[in-house]
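Observations on chain architecture
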Amino acid sequence: MVKIGLALGAGGARGLVHVGILKVLHKQGIKIDYIAGTSMGAVVGAAYAVGRSPLEIEKLVMSTNWKKIIDFTIPKQGLIEGAIVRKKLRDLVYNFEFKQLNIPLQVVCYNMTKSHQVVFRKGDVAQALRASISIPGIFTPVRIGSDNYIDGAVANPTPYDIVRKMGADIVIAVDIYQEREKKVRSPVIRDQTFTKELKRKFVTDELAYFKDFLIPDRWPKFVQKTLDWTFDKLLYPARILKMLAGKEMLPITKTMYKTVDILTRNLAKERLACAEVDILIIPNFSNYKWSDFGSSQRIINIGEKEMKKKLPDLMKLL
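Residues numbered from 1 in each chain as written. Predicted model: local features only at pLDDT ≥ 70, side-chain atom pairs only at ≥ 80, totals over all residues. Heavy atoms only, no water.

Attention now moves to a nonpolar patch on the surface. On the surface, Val 2, Met 315 and Leu 318 cluster together into a nonpolar patch covering about 250 Å² of accessible area. Among the structural elements, Met 315 can be located in helix H11 (residues 296-317). (Patch = residues over 30% accessible without salt bridge, like charges linked within 9 Å, V, L, I, M, F, W, Y side chains within 5 Å. Areas by Shrake-Rupley, 256 points an atom, 1.4 Å probe, with all protein chains shown as cover. Salt bridge = Lys/Arg side-chain N within 4 Å of Asp/Glu carboxyl O. Helix = DSSP H or I, 4+ residues; strand = E, 2+ residues; numbered from the N terminus.)

This is the structure:
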């Protein structure tokens, strides 16, 4: 019997396009035998592999308050600690280990300590997912043993080769990075609450750290109170945010992500140019960004539309 494998790639909010693709395949009764995923592709793939239906995954996506997954840390290796995300992932996959999954799944990460790709296929699924989504500069790397792991997209943004090695006869790969021909279209309307909350929480937490650093507890109480009052009057979050109005959010983070995105895009293009892929899906994202979680439904709808276009080709192969 012909075995079908899905290669689901990285892309932040854009990776939610995989939900729409799964909706179409599931509705058509097309059985998926293997899944390999990177970053958000791994998350969506894992949710399906534990037995959640695409409609259930879609409901979870739409009911998630993305602002509440932000837990800031002192920005040494990343802005977001990721403890809340880890808990959400654990709930999403029922705290399963790989051996408990309904569909064989492999998750692509990058071992930053030893500088090589790692494919998780055993052990804790949630831990592997948390490592695979660790976008450099945004999420702190995940420590497993003595090594640090980051987003698998830096090594393998669309893991078509992994799912082929798993035993797939037909590989369906979703290329989130390749750009389609641009057409003149109306502006994309986005819900920017996620990035606004990111900025607000960053400013609030950083001011708190700065204040603690400037005004140590060992100083006399009356001095602390005077300096606290002065600090709060001059540097309160609302005033700083007003000063930042219209400015780009967190320049260092934006620069790091943009750099990784460019490198990943080029890597994906080079790899897929000579890839053994039977069905290649290239969604037209209309310039949606990694942080556009407020546009989740529209992105999922794009996945449905693109998969429907490829159904005739898939049915011929089957």
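Back to the text.
One non-glycine residue, Tyr 94, lies in positive phi territory at about 55 degrees. Positionally, Tyr 94 belongs in the loop between helix H4 (83-92) and strand S4 (105-111). The backbone phi angle of Asn 95 is positive, close to 60 degrees, even though this residue is not glycine. Within the fold, Asn 95 resides in the loop between H4 and S4. Taking the relative accessible area as the measure of exposure, Asn 95 reaches 45% and is therefore partly exposed. (Buried < 20%, exposed > 50% of the residue type's maximum accessible area, 1.4 Å probe, protein only.)

A separate point is helix H3 (residues 54-63). Considered for burial, the residues of H3 that qualify are Pro 54, Ile 57, Glu 58 and Val 61. Buried residues of H3, seen end-on, are gathered within an arc of 100 degrees and therefore sit on one face of the element. The exposed residues of H3 that point more than 90 degrees off its buried face are Leu 55, Lys 59 and Ser 63. For H3, the secondary structure elements touched by its buried residues are helix H1 (17-27), helix H2 (40-49) and H11. (Arc of directions from axis to C-beta. Contact = heavy atoms within 4.5 Å.)

The subject of this paragraph is the packing of H1 against H3. Look at H1 against H3: their axes get within 9 Å of each other, and the N-to-C directions meet at 155 degrees. With respect to each other, H1 and H3 are oriented roughly antiparallel. Relative to H3, H1 is oriented so that their crossing is left-handed. Every residue of H3 that contacts H1 at Val 19, Leu 22, Lys 23 and His 26 is listed here: Pro 54, Leu 55, Ile 57 and Glu 58. Split by residue class, the contact of H1 with H3 holds five nonpolar, one polar and two charged. (Axes fitted to C-alpha atoms, helices over the stretch in contact; angles between N-to-C directions. Parallel < 35°, antiparallel > 145°, perpendicular 65-115°, else oblique. Left-handed = near helix turned anticlockwise from the far one by under 90°. Nonpolar A, V, L, I, M, F, W, Y, C, P; charged D, E, K, R; others polar.)

Counted by the stated rule, this structure contains nine salt bridges. Asp 33 serves as the salt-bridge partner of Lys 31, at 2.6 Å between the closest nitrogen and oxygen. Here Lys 31 falls in the exposed class, since its relative accessible area comes to 57%. Note that Glu 56 and Arg 52 form a salt bridge whose closest N and O atoms lie 2.6 Å from each other. One continuous salt-bridge network, built from bridges that share partners, spans Lys 23, Glu 58 and Glu 304.

A word on H4. When H4 is considered as a whole, its buried residues turn out to be Val 85, Leu 89 and Leu 92. Angularly, the buried residues of H4 cover 55 degrees about the axis, an arc narrow enough to put them on a single face. Count one or two residues on from H4 and you reach Tyr 94, which has phi positive near 55 degrees.

If you look at the biggest cluster of nonpolar residues, it comprises 69 residues, and the most contacted ones within it are Leu 25, Leu 105, Val 107, Phe 120 and Leu 129. For this core, the element with the highest residue contribution is H2, accounting for eight residues. Residues Ala 7, Ala 36, Tyr 160 and Ala 173 belong to the second largest nonpolar core, which totals twelve residues. (Core = buried A, V, L, I, M, F, W, Y, C linked by side-chain atoms within 4.5 Å.)

Looking now at the side chain of Arg 52. As for its placement among the helices and strands, Arg 52 is situated in the loop between H2 and H3. Residue classification places Arg 52 among the buried residues on the basis of a relative accessible area of 9%. Side chain to side chain, Arg 52 and Glu 56 meet in a polar contact 2.6 Å long. Only 3.4 Å separates the side chain of Arg 52 from the side chain of Tyr 94, close enough to count as a polar contact. Those residues in contact with Arg 52, other than ones at most four positions away along the chain, are Ala 47, Ile 57, Leu 60, Asp 91, Leu 92 and Tyr 94. (Polar contact = N/O pair within 3.5 Å; in protein donor to acceptor, adjacent residues only side chain to side chain.)

In this section: the side chain of Asn 156. For Asn 156, the position within the fold is in the loop between strand S8 (147-151) and helix H6 (160-165). By relative accessible area, Asn 156 is classed as buried at 0%. At 3.3 Å, the side chain of Asn 156 forms a polar contact with the side chain of Gln 117.

Read these as geometric descriptors, not functional statements.
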